[in-house]
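Coordinate inspection notes
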Amino acid sequence: MYLNILMLPLLGSIISGLLGRKIGVTGSHIITISCLIVTSFFSILAFYEVGICDSPVSIQLTSWVNSEYMNISWGFLFDSLTVSMLIPVLFISTLVHLYSINYMAEDPHNQRFFSYLSLFTFFMIVLVTGDNYLVLFLGWEGIGVVSYLLINFWYTRIAANKSGILALTQNRVGDALFSLGLFSIFWVFGNLDYSTIFSLVPYINEVSLTIICFLLLGGAIAKSAQLGTTWLPWSMEGPTPVSALLHAATLVTAGIYLLVRSSPLLEYSPTVLLFIIWLGALTSFFAASTGLLQNDMKRIIAFSTVSQLGYMFMAIGLSQYNVALFHMINHAFFKALLFLAAGAVIHSMADQQDIRKLGGLQKFLPFTYTAILIGSISLMALPWMTGFYSKDLIIELAYAQYNFSGQIAYWLGTLTAIFTAFYSFRLISLVFLSYPNAPKNDYLHSHEASISVVIPLTILSLFSIGFGFIFSDLFVGIGTDFYGNSIFIHPSHITLVEAEFSLPLILKLLPTIGSIFAATSAIILYNKIPNVLIDLTNSPYYLMNSLNNIKGSLGRRIYTFLNGKYLVDVVYNKYLIGVGLKLGNTISKVLDRGIIELLGPFGLSNLLMNTAANVSRLDTGIVTSYALYIVLGLISIIFILFYPIIINSDLLTSDHLLYNSYITEIRLIVIFISSLFLINTKSQYYNN
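Residues numbered from 1 in each chain as written. Predicted model: local features only at pLDDT ≥ 70, side-chain atom pairs only at ≥ 80, totals over all residues. Heavy atoms only, no water.

As for the side chain of Ser378
Quick reminder of the rule: Segments assigned H or I by DSSP are reported as helices when at least four residues long, segments assigned E as strands when at least two residues long, and all are numbered from the N terminus. The term polar contact refers here to a pair of N or O atoms within 3.5 Å; inside protein, the definition further demands a hydrogen-donor-capable atom paired with an acceptor-capable atom, and it admits residues adjacent in sequence only when both atoms are side-chain atoms. Throughout, a residue-residue contact means that at least one pair of heavy atoms, one from each residue, lies within 4.5 Å.
If you trace the backbone, Ser378 turns up in helix H16 (residues 366–379). Within the structure, the side chain of Ser378 is placed 3.3 Å from the backbone oxygen of Ser464, a separation counted as a polar contact. If we ignore the near neighbours within four places in the chain, the residues touching Ser378 are Phe334, Met385, Thr386, Gly387 and Ser464.

In structure tokens:
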């Protein structure tokens, strides 16, 4: 059964990809979806057997690398952490496959698309089930390559090409750091096996662990799109099912899984944990404030993904790995719901994604409106929704640290929750509640999606409502031992009791109160009194020096700054990419085509040819010129041979000549031969 979980998605991908013309579009749909449905059923059985019954499974297939004391095998581990990851990965992948039947119905390359989706699922399963870092790295690289193929699926579009290249190149930087981390782990521990490494961690130098953790963190930052990376919002150029699969439950969660799996390493590296707290808090605030004034529907949801990933990093920095994993699972369900519902809107309205050009869709798409409303309410973590049981807990745990970093994380997390509620209901207001702004023909042709879209949206809506309530005690309840040894939390880092019982009630309710206020403000500002927002950015031309003009100018600047994503892309292009291109051009012109060519075969051949040409010019046929050359050569040879004696007369003393002479044996031989030549020449002169 456990090997079937691994092999069935790969089997579906191979059949759909290589035999697509034989089985046709419908056959590709049936085979890939059937394989994933069976795999999802097996994952439920594995969750019961491994997680509920506490019976981990380890499978050793065969040896992979066996060189001296480096022994790495094809091994797969099914523990509580693994089966918890398999549930969202396989469930959402199955629903995305089903959703894609309708969404990609008009695309001529269905077989290739479904093959890529199943192959991506296979590599994600390899990543979460491997029992050593090298198998994890294999899955890590696999999802990176297939994500490029999926983002760039419509490869005739320039925007899709650029988005795929951006995602691939930024992830390659993280992959390089991750690979350096693997080299460091092998250097320090002598192995890449989880059990060997984690059992030796308490005996390793803290500096070595800090370096290893920072390198692993570099890989996680790139893969999970943390502060400093820009690829995730731009990757919305791919098909909407790709956005739902990659950026809700799989690709972006790989970095979270890596850090959660490496919890024994992180627990003995407090410097890295402190850095992760700040990184997660700043990322969540940056992404949420950036999403406030975005106008692309999918990009708004993408920035909310980055913001929620920041919450997960914050929980990891607080050493609450179980809470981070629980929020990751919850987030996968309601974020997949938002992406798929947004795709239903886009598909119905002639592929229009700009929320300013939509509106009034509440009566045209009531089911889709309900799905987005459920996903948004769960995202803003209103009480008793799925997001509430993990998101608010992370904010409370930050305050329960009772230190400066925890306080900063709490307040940034609270502001992020407020911003999240505002842009979520801004999207709902402009798309569903405001006046219609799309062409009349689009409304006449708008329609609810088919059953293959309704089923995934219904299932994800139910998960977004009840999953957190049902499984919160199992995953993050006080005293739960669900994860067992798969997650390690140092006893001094356990703060769940303080977060549950010692915080003032107002601090617990503040994120919820702020979220409700922000959501209400968004509805009022964009539906009841829109002139307030218009006046903030517009001002009459004749009020050049008035207060209104100052407000209008300031409002436009704030709008441009936030809508332009803090101008991060401008800074990257001007100061990093531009400088890098100039440096590369200089290296190419000066070093590659200059110094290397001059010192290499090309330069050597030119030197010999030019020297030969110059020497040939000396052959003038004039005897006096030849005599001059001979005299100059003779003088030069004599000077070279006797210059130590000419420069330093002390060398003529007997001690120096016998014991420390600068005139070597070979030089004496040359002097002897030259002397014979001079004597012979002189004797011939006298004889004549």
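What to know about the pairing of strand E2 (residues 70–78)
As a reminder of what qualifies: Strand pairing is assigned whenever DSSP detects at least two bridges linking the two strands.
Looking at chain direction, strand E1 (residues 57–67) and E2 are connected through eight bridges and run antiparallel. Within the sheet, the bridge partner assigned to Gln60 lies in E2 and is Gly75. Connecting the antiparallel pair E1 and E2 is a turn made up of two residues, with Glu68 showing a positive phi of about 55°.

Considerations on the nonpolar core
Put simply, the rule reads: Definition used in this section: a nonpolar core is a set of buried Ala, Val, Leu, Ile, Met, Phe, Trp, Tyr and Cys residues joined via side-chain atoms within 4.5 Å. Between buried and exposed lies partly exposed: a residue is buried under 20% and exposed over 50% of the maximum accessible area for its type, with that area taken using a 1.4 Å probe on protein chains only.
By size, the foremost hydrophobic cluster in this structure holds 190 residues, and its most contacted members are Tyr133 and Leu265. If near-sequence neighbours (up to four positions away) are discounted, Leu265 is found in contact with Tyr133, Phe189, Ile197, Phe198, Val201, Leu209, Ile212, Cys213 and Leu216.

What about unusual backbone geometry?
Generally, phi is negative for residues other than glycine and the peptide bonds are trans, each holding for most cases. In this structure, Ala225 is a non-glycine residue whose phi angle is positive, near 55°. Among the secondary structure elements, Ala225 is positioned in the loop between helix H8 (206–223) and helix H9 (231–234). The class of Ala225 is buried, set by a relative accessible area of 3%. Phi at Tyr402 is positive, roughly 55°, even though this residue is not glycine. Within the fold, Tyr402 resides in the loop between helix H17 (388–399) and helix H18 (404–433).

A word on the environment of Ser63
By the element assignment, Ser63 lies in strand E1. For Ser63, a relative accessible area of 41% translates into the label partly exposed. A C-alpha to C-alpha distance of 47 Å links Ser63 and Tyr575, two positions 512 residues apart in sequence. Discounting chain neighbours no more than four positions away, the residues touching Ser63 are Asn71, Ile72, Ser73 and Trp74.

Observations concerning the packing of aromatic side chains
Threshold: Any Phe, Tyr or Trp ring, taking Trp's six-membered ring, that has another such ring centre within 6.5 Å forms a pair; planes under 30 degrees apart are called stacked, those over 60 apart edge-to-face, and the others tilted. Both a distance and an angle decide whether a charge sits over a ring: NZ of Lys or CZ of Arg must be within 6 Å of the ring centre and within 35 degrees of the ring normal.
A full pass over the atoms with the stated rule returns 40 aromatic pairs. For the ring pair Phe214 and Phe275, a centre distance of 5.6 Å and an interplane angle of 70° mean the geometry is edge-to-face. Of this pair, Phe214 sits in helix H8 while Phe275 is found in helix H13 (residues 270–291), placing the two residues 61 residues apart along the sequence. The exposure class of Phe214 is partly exposed, given its relative accessible area of 33%. Over the ring of Trp234 we find Arg299; its NZ or CZ atom is 4.4 Å from the centre of that ring.

Quick word on the confidence of the model for the chain
Formally: Within a predicted model, pLDDT stands for the predictor's per-residue confidence, ranging from 0 to 100.
Taken over all residues, the pLDDT of the chain has a mean of 86, while the share at 70 or more is 91%. No element of the chain has a lower mean pLDDT than helix H28 (residues 654–659), which averages 50, and none a higher one than H16, which averages 94. Between residues 658–663, whose pLDDT stays under 50, and residues either more than four places distant or in other chains, the model counts seven contacts. With pLDDT under 50 throughout, residues 682–687 is counted as low confidence; its partners more than four residues away or in other chains account for zero contacts.

A look at the pattern of salt bridges
Quick note on the threshold: For salt bridges, the criterion is a side-chain nitrogen of Lys or Arg within 4 Å of an Asp or Glu carboxyl oxygen.
Counting across every chain of the model gives six salt bridges. For the salt bridge of Arg299 with Glu237, the shortest nitrogen-to-oxygen distance reads 3.9 Å. Taken together, the residues Arg299 in helix H14 (residues 297–317) and Glu237 in the loop between H9 and helix H10 (240–249) connect sequence positions 62 residues apart. Residue Asp354 pairs with Arg356 through a salt bridge whose shortest N-O separation is 2.8 Å. Looking at Asp354, the relative accessible area reads 15%, which means it is buried. Connected through shared salt-bridge partners, Glu141, Arg172 and Asp175 make up one network.

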